[in-house]
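Descriptive structure summary
Read off the chains here:
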Amino acid sequence: MAKEELIEMHGKVTEVLPDGRYRVTLDNEHLLIAYAGGKLKKNHIRIIAGDEVTLEMSPYDLSKGRITFRHLPPRSGGAPAPSRRY
């Protein structure tokens with residue numbers, strides 16, 4: 001068992017703050033400040049207000065977190081794009 005177990009939560013980005021930080025509202029209406037994890041920064045994944053995210057929090061400080069995954073928005077149920085013939 002690790003010294004500290006991380007808490008994984010789901011939330012929604014409500015505001016993009018300066019210096020790569022985000023204000024996130026969790027599913028239980030708790031507000032916290034989060035930053036993008038290393039793989040998100042490395043791969044230049046953009047996070048904007050309104051995105052659904054998964055984040056990790058330390059049990060010692062529940063007011064800060066690290067965003068580890070950005071969920072894709074659901075697709076509309078429209079018709080598929082027509083294929084092109086060349």
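What counts and what doesn't
- Residues numbered from 1 in each chain as written.
- Predicted model: local features only at pLDDT ≥ 70, side-chain atom pairs only at ≥ 80, totals over all residues.
- Heavy atoms only, no water.
- UniProt positions renumbered as here; feature names shortened; annotations may be inferred.
- Pairing = 2+ DSSP bridges.
- Helix = DSSP H or I, 4+ residues; strand = E, 2+ residues; numbered from the N terminus.

Under an unreviewed UniProt entry, the name given to the protein chain is Translation initiation factor IF-1, and the source organism is Zoogloea oryzae. In its Subunit (unreviewed entry) section, the UniProt record describing the protein chain reads: "Component of the 30S ribosomal translation pre-initiation complex which assembles on the 30S ribosome in the order IF-2 and IF-3, IF-1 and N-formylmethionyl-tRNA(fMet); mRNA recruitment can occur at any time during PIC assembly." UniProt's Subcellular location (unreviewed entry) comment on the protein chain is quoted here verbatim: "Cytoplasm".

Here the focus is the pairing of strand E2 (residues 21-26). The side chains of a regular strand alternate between both faces of the sheet. Sheet topology places strand E1 (residues 7-17) next to E2; 6 bridges connect them, and they run antiparallel. From the neighbouring strand, Val13 faces E2, where its bridge partner is Val24. Across 5 bridges, E2 lies against strand E3 (residues 31-36) in antiparallel orientation. Of the residues in E3, the one forming a bridge with Arg23 is Ile33.

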